[in-house]
Amino acid sequence: MFEAIPLLPPDPILGLTEAVQRDPRPHKINLSVGVYRDDRGQTPVLRCVKVAEQRLLESEATKLYLPIEGLPTFNRLVPPLLLGDSHPAVTENRCATVQTPGGTGALRVAADFVKRNFPRAQVWHSDPTWPNHPQIFSAAGVSVRAYAYYDATRREVDFARLVDSLQQIPAGDVLLLHPSCHNPTGADPTAEQWRTLADIAAERRLIPLLDFAYQGFGSGLAEDAEAVRQFCRPGMASLICSSFSKNFALYNERVGALTAVVDDPAQVEPVMSQLKAVVRSSYSNPPAHGAQIVATVLSDPSLRQQWYDELRHMRERIQLMRSAFARTMSECQTQRDFSFIQHQRGMFSFSGLTPVQVQQLREQHAIYMVNNGRINVAGMSGATMAPLCQAIAAVL
């Protein structure tokens, strides 16, 4: 029965992890998959997570299914974290939140929700974007198109072309945005530019879909949510996909959420019914442990403060690696200016390396990155910085 099934190529990002694991060279460096690593190259379990898990172990009395929409305490705590306690959408109870298996699960639930309720809508993503974005929406039967975003020569957001592109999107279509720490470029609009983009979305009656996977990894939890607040202004309805994989380092727990922000509290119940119908026909209900960890930490003031401190440490280490990379590349005396790296935000940046140079780094130096030249800055360390930059200089 399965003899005619073709073999597909490995995932362009996750497949690199398998290649790294097979590589016997001890000096290999993995800058591909978007996970945080400390200076020893490890992805640590946060101390606040360990405390929360101990409490859960001692108090857990059942392994009963969660509701379709997920852990109620978790769902109650997500909107204030995204928008702030005093945001009108929070105080007026205009948020419908479902817990999902990671940020990717939130995107798929959003895709199915769009297909069910706006069957003619197209989803527009930035060019470039996370490679899985078009795959997720295409798999749900949603048409996908791209809008201009990045100036590869200047290594920054091409705001004029971005504005022009958004003004051409038909009313009723879905506008997929990265509110902070753009993946893969690391280049974000300014606060003023976000306000302009939100004005355009409101004027053209677009549906904002915000992939908020890296809250806290740019400038801070509240600072990174500026774009989210702009697109959740009164009179606008939005979808927010959030993830706790990165800012809680809960990668294998798959903890995410989809929050629909509506413009009238009366819309919450019907929207929630649609979200629950999508979940029920997909994975039925989400896993409990990761959401219980997040809810425990966010509900306890001391654990919440400890999380703030640990998240700040991760953010500052990434910024330190950005500065160190730009400085070390300058010391290598190449003709290429890499100073743009230290001005971008989050774990990712476009290095500007060509696919040929990426392949040379992989084969000759055991350095792994995505073929388009995207690098995970969090994969760098003090010990690997010099050999990494020397290898890059050698292939330029």
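Relevant structure appears above.
Conventions used here
Residues numbered from 1 in each chain as written. Predicted model: local features only at pLDDT ≥ 70, side-chain atom pairs only at ≥ 80, totals over all residues. Heavy atoms only, no water. Helix = DSSP H or I, 4+ residues; strand = E, 2+ residues; numbered from the N terminus. Buried < 20%, exposed > 50% of the residue type's maximum accessible area, 1.4 Å probe, protein only. Salt bridge = Lys/Arg side-chain N within 4 Å of Asp/Glu carboxyl O. Polar contact = N/O pair within 3.5 Å; in protein donor to acceptor, adjacent residues only side chain to side chain. Pairing = 2+ DSSP bridges. Axes fitted to C-alpha atoms, helices over the stretch in contact; angles between N-to-C directions. Parallel < 35°, antiparallel > 145°, perpendicular 65-115°, else oblique. Left-handed = near helix turned anticlockwise from the far one by under 90°. Contact = heavy atoms within 4.5 Å. Nonpolar A, V, L, I, M, F, W, Y, C, P; charged D, E, K, R; others polar. Patch = residues over 30% accessible without salt bridge, like charges linked within 9 Å, V, L, I, M, F, W, Y side chains within 5 Å. Areas by Shrake-Rupley, 256 points an atom, 1.4 Å probe, with all protein chains shown as cover. Arc of directions from axis to C-beta. Core = buried A, V, L, I, M, F, W, Y, C linked by side-chain atoms within 4.5 Å. Phe/Tyr/Trp six-rings, centres within 6.5 Å; stacked < 30°, edge-to-face > 60°. Lys NZ or Arg CZ within 6 Å of the ring centre and 35° of its normal.

Undergrad: What is the right way to look at the environment of Pro 355 in this model?
TA: Along the chain, Pro 355 falls in helix α14 (residues 355–365). For Pro 355, a relative accessible area of 54% translates into the label exposed. A C-alpha to C-alpha distance of 31 Å links Pro 355 and Leu 250, two positions 105 residues apart in sequence.

Undergrad: I'm lost on the pattern of salt bridges in this one. Help?
TA: Once the charged atoms of two side chains with opposite charge are near each other, the side chains can pair. For the structure shown, the criterion picks out 17 salt bridges. Here Asp 23 and Arg 25 are joined by a salt bridge, their closest N and O atoms 2.8 Å apart. One continuous salt-bridge network, built from bridges that share partners, spans Asp 188, Asp 224 and Arg 345.

Undergrad: What exactly am I supposed to notice about the side chain of Arg 322 here?
TA: When you line up the elements, Arg 322 lands in helix α13 (residues 301–331). From its side chain, Arg 322 meets the backbone oxygen of Ile 341 in a polar contact 2.6 Å long. A distance of 2.8 Å separates a polar atom in the side chain of Arg 322 from the backbone oxygen of Gly 346.

Undergrad: Looking at this structure, I do not really get the sheet that holds strand β2 (residues 95–101). What am I missing?
TA: Working definition: the strands of a sheet are paired by backbone hydrogen bonds and lie parallel or antiparallel to each other. Judged by pairing direction, the sheet is mixed, and its 7 strands sit side by side in the order β2-β10-β9-β8-β7-β3-β4 without closing on themselves. The open sheet has two free edges, formed respectively by β2 and β4 (144–148), since each of these has just one partner strand. In this sheet, neighbouring strand axes are inclined to one another by 25 degrees on average, regardless of whether the strands run parallel or antiparallel. Bridge count for β2 against strand β10 (residues 255–261) is 7 bridges, and the pairing is antiparallel. What sits directly across from Gln 99, in β10, is Ala 257.

Undergrad: I'm lost on the packing of α13 against helix α15 (residues 382–395) in this one. Help?
TA: How two helices pack is summed up by the angle between their axes together with the distance between the axes. In contact at an axis separation of 9 Å, α13 and α15 are set at 45 degrees when each is read in the N-to-C sense. As summarised for this structure, α13 and α15 are arranged oblique, according to the angle between their axes. Relative to α15, the crossing made by α13 is right-handed. Contact with α13, carried on its side by Met 321, Ala 324, Phe 325, Thr 328 and Met 329, involves Gly 382, Met 385, Ala 386, Leu 388, Cys 389, Ile 392 and Ala 393 of α15 and no other residues of that element. Of the residues contributing to the contact of α13 with α15, the split by class is 10 nonpolar, 2 polar and no charged.

Undergrad: Would you mind showing me how to read a nonpolar patch on the surface here?
TA: The grouping of Met 1, Phe 2 and Ile 5 at the surface amounts to a nonpolar patch, some 490 Å² of accessible area in total. With respect to the helices and strands, the residue Phe 2 is situated in the segment before α1 (14–22).

Undergrad: Sorry, what's going on with α14 here?
TA: Helical geometry: 3.6 residues make up each α-helical turn, so side chains three or four residues apart lie on a common side. Regarding α14, the residues found buried are Gln 357, Val 358, Leu 361 and Arg 362. The arc that holds every buried residue of α14, seen down its axis, measures 140 degrees, which confines them to one face. Opposite its buried face, α14 presents the exposed residues Pro 355, Val 356, Glu 363 and Gln 364, each directed more than 90 degrees away. Taken together, the buried residues of α14 touch α1, β12 (367–368) and α15. Where α14 ends, the next residue or the one after it, Ala 366, has phi of about 60 degrees, a positive value.

Undergrad: For this particular structure, what's the right way to read the side chain of Arg 317?
TA: Residue placement: Arg 317 occurs in helix α13. The exposure class assigned to Arg 317 is buried, which follows from its relative accessible area of 8%. In terms of polar contacts, Arg 317 uses its side chain to reach the backbone carbonyl oxygen of Arg 37, at 2.7 Å. If we skip the residues at most four places from it in the chain, Arg 317 touches Tyr 36, Arg 37, Asp 38, Asp 39, Ala 378, Met 380 and Ser 381.

Undergrad: How should the environment of Asn 117 be read in this particular structure?
TA: Along the chain, Asn 117 falls in helix α5 (residues 102–117). In sequence terms Asn 117 and Gln 274 are 157 residues apart; their C-alpha atoms lie 8.5 Å from each other. Here Phe 113 takes part through its backbone oxygen, which lies 2.9 Å from a polar atom of the side chain of Asn 117.

Undergrad: Would you explain the nonpolar core in this entry?
TA: Inside soluble globular proteins, nonpolar side chains tend to come together where they are buried. The biggest cluster of nonpolar side chains holds 135 residues, and the ones touching the most others in it are Phe 74, Trp 307 and Phe 325. The leading source of residues in this core is α13, at 9 residues. Not counting residues up to four positions away in its chain, the partners in contact with Trp 307 are Leu 46, Cys 48, Leu 81, Leu 221, Asn 247, Phe 248, Val 297 and Leu 298.

Undergrad: I'm lost on the packing of aromatic side chains in this one. Help?
TA: A ring pair, where both rings are aromatic, is described by two values, the distance of the centres and the angle of the planes. All told, the structure shown has 11 aromatic pairs when counted by the stated rule. Ring geometry for Tyr 214 versus Phe 348: centroids 5.8 Å apart, planes at 85 degrees, classification edge-to-face. Placement of the pair is Tyr 214 in the loop between β8 (207–212) and α9 (221–224) and Phe 348 in strand β11 (residues 348–350), with a sequence separation of 134 residues. The class for Tyr 214 is buried, based on a relative accessible area of 7%. Residue Phe 348 is classed as buried on the basis of its relative accessible area of 2%. When the centroid spacing of 5.7 Å and the interplanar angle of 40 degrees are considered together, the rings of Trp 307 and Tyr 308 count as tilted. On the basis of relative accessibility, which here comes to 0%, the residue Trp 307 falls in the buried class. Among the aromatic side chains, those forming a connected cluster through ring pairs are Phe 74, Phe 244, Phe 248, Trp 307 and Tyr 308. The positively charged end of Arg 155 is found above the aromatic ring belonging to Phe 340, 5.0 Å away from the centroid.

Undergrad: Help me out: how do you make sense of the pairing of strand β7 (residues 174–177) in this one?
TA: Within a regular strand, side chains alternate between the sheet's two faces. Burial of the side chains of β7 extends over both faces: Val 174 and Leu 176 are buried on one face and Leu 175 and Leu 177 on the other. Of the strand pairs in this sheet, strand β3 (residues 123–127) and β7 are connected by 2 bridges, and their pairing is parallel. Each bridged residue has a counterpart across the sheet, and for Val 123 the counterpart in β7 is Val 174. Where β7 and β8 come together, 4 bridges link them in parallel fashion. Each residue of the ladder has a partner; that of Val 174, found in β8, is Ile 207.

That is the geometry; function is a separate question.
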